[in-house]
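# Observations on the model geometry
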Amino acid sequence: MKASIHHSTEGMELDLKIFLICSGFFAAMGGFSFLLNSILLKFARTLGIRDKGDIVRWASTSKPALGGITFYIVFLISFIFHGLFFPSSDILHNVAALGLLGTGSLAFLMGLADDAYNTRPFLKFLVQVGCALMMISTGTLIDIFDTAWMNQLLTVTWVVGIMNSINMLDNMDGISTITSLFIFLIGVIFISLHQDYSRPEFFILLGLMASLSAFLFFNWSPSRMYMGDTGSQFLGLILAFVGIHYFWNSSLINDMSSPGQQVSILAIGFLLPLVDTTIVSINRLLRGQSPFIGGKDHTTHNLGYLGLSDSQVALAFTAISAFNALICFFMFRFVEAWTTSLTLFCVLYCLTIFVVLFLLCYRQRSLYKD
């Protein structure tokens, strides 16, 4: 009995220690991000301050697109902090983690070049494919088919799709920031419930959540700073990685995953970027336009056409994202056996959001200004 009490006390002390370390790290990264964004904003001159080519923003004024620089610096610090806190994990021999470091750096540099020089879309696409192939070569790929090339093709499609989806969703103050923040939260919840804190991505996601929270101060309407392609391409790559490890390939807490379970959680976790990209692509194709050319016809824009302010649109996306995270937490924590009724609930919920936003966009199509 005494041994059991002693073991329980040690467990509580360990949990408290981890909580204090994570809280301190989150606060430190949030404060650092806020300070760095303030400095970058003060000394910003021309980097990312442009409004030409195929870039279409809801706001009429140009603002510095510097947020992604802070995200990337916090990303690197998180890697270092993990190595210091878990020296036994030997991160230099973790191929998947090194692959994330390499692909994240490549996505960041590509976005930085695009913000500075307005690179060609085809070059951006090639780099995105390169990121996907690098991710595959380091062991991060979707594994649901028996045939290797099908898994590889799906992985490339997923990585390129999410990187472009987050980039497209960065069309109004706070939207991509909020969406990314809550998807990262779902990943942190998953790792926390498994108590697998030694994963390098745990501190990466925690650090990025802190950085995004601080950035939201500058990115909330009326924003003073954008994340730019530097931020959206980098975040899209990290989100694609999270999607593969914690949605496509990972079981829930009961380790009894099923195809219906995985697809349902994936659809809910990435609901807003997937729905927005799908609706925009469908409507543009129906109008005989390319889905890859910017325009003010996103779900966020259509909510604005209805009379909602930018802040109200951001709050609406916050509410949906928070509810999605709550559903995922419930599935992770309390569902012991997946049932058909749960799949039907998830499908119905996702279809409801999709249909409502699709009909809204369809009715407002006469107001689009490309």
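Residues numbered from 1 in each chain as written. Predicted model: local features only at pLDDT ≥ 70, side-chain atom pairs only at ≥ 80, totals over all residues. Heavy atoms only, no water.

## Comments concerning the overall build of the protein chain
We count it as follows: By definition, any uninterrupted DSSP run of H or I lasting at least four residues is a helix, any uninterrupted run of E lasting at least two residues is a strand, and each is numbered from the N terminus. Categorising residues by exposure relies on relative accessible area from a 1.4 Å probe, with only protein chains included: less than 20% of the type maximum marks a residue as buried, more than 50% marks it as exposed, and the intermediate range marks it as partly exposed. Pairs of residues are marked as contacts when any of their non-hydrogen atoms sit within 4.5 Å. Using the Shrake-Rupley algorithm and a 1.4 Å probe, accessible areas are obtained, with residue cover drawn only from the displayed protein chains.
Helix and strand counts for the protein chain stand at 13 helices and zero strands. Along the protein chain, helices (α) and strands (β) appear in the sequence α-α-α-α-α-α-α-α-α-α-α-α-α when read from the amino end. Here the protein chain holds 370 residues, and the buried ones make up 51% of them. Counted over contacts in the protein chain with a minimum sequence separation of 6, partners at least 24 positions apart contribute 77%. For the protein chain, the accessible surface area stands at approximately 16900 Å², while carbon and sulfur atoms represent 68% of it.

## Looking at a nonpolar patch on the surface
Inclusion rule: What goes into a patch is any residue over 30% in relative accessible area without a salt bridge, connected to like charges within 9 Å or, for nonpolar side chains (Val, Leu, Ile, Met, Phe, Trp, Tyr), within 5 Å. One speaks of a salt bridge when a side-chain nitrogen belonging to Lys or Arg is within 4 Å of a carboxyl oxygen belonging to Asp or Glu.
Taken together, the side chains of Ile144, Phe145, Trp149, Met150 and Leu153 define a hydrophobic patch exposed on the protein surface, amounting to about 480 Å² of accessible area. Tracing the chain through its elements places Phe145 in the loop between helix H4 (121-137) and helix H5 (148-169). A relative accessible area of 33% means that Phe145 is categorised as partly exposed.

## Here we look at the confidence of the model for the protein chain
Low pLDDT means the predicted coordinates in that region are not meant to be read closely. Our working definition: The pLDDT value expresses, per residue, how confident the predictor is, ranging between 0 and 100.
Averaged over all residues, the pLDDT of the protein chain equals 85, while 85% of them reach at least 70. Confidence drops under pLDDT 50 across residues 1-7; counting only partners more than four residues distant or on other chains, this segment forms zero contacts.

## A word on the packing of aromatic side chains
We describe a pair of aromatic rings using the distance from one ring centre to the other and the angle between the two ring planes. This is how it is decided: Paired rings are identified among Phe, Tyr and Trp, the last through its six-membered ring, by centres lying within 6.5 Å, and are further divided according to the angle between planes into stacked (under 30 degrees), edge-to-face (over 60) and tilted (the rest).
A full pass over the atoms with the stated rule returns 25 aromatic pairs. Between Tyr72 and Phe108, the aromatic rings sit 4.2 Å apart at their centres with planes inclined by 5°, giving stacked as the arrangement. With Tyr72 in helix H2 (residues 67-85) and Phe108 in helix H3 (residues 95-117), this pair connects stretches of sequence that are 36 residues apart. With relative accessibility at 8%, the residue Phe108 sits in the buried group. Both rings, one in Phe75 and one in Phe234, keep their centres 5.1 Å apart while their planes meet at 75°; by these two values the pair is edge-to-face.

## Topic: helix H7 (residues 200-219)
Selection rule: An expected span of 1.5 Å times one less than the residue number is assigned to each helix.
For H7, built from 20 residues, the straight-helix expectation of 28 Å at 1.5 Å per residue is met to within 8% by its first-to-last C-alpha distance of 28 Å. By the criterion of burial, H7 is predominantly enclosed, with 18 of the 20 residues buried.

## A few points about helix H6 (residues 175-194)
A rise of 1.5 Å per residue sets the reference length of H6, with its 20 residues, at 28 Å; its end C-alpha atoms lie 29 Å apart and thus fit the reference within 8%. With 16 of 20 residues buried, H6 lies mostly within the body of the structure. Residue Gln195 follows H6 closely and has a positive phi angle near 55°.

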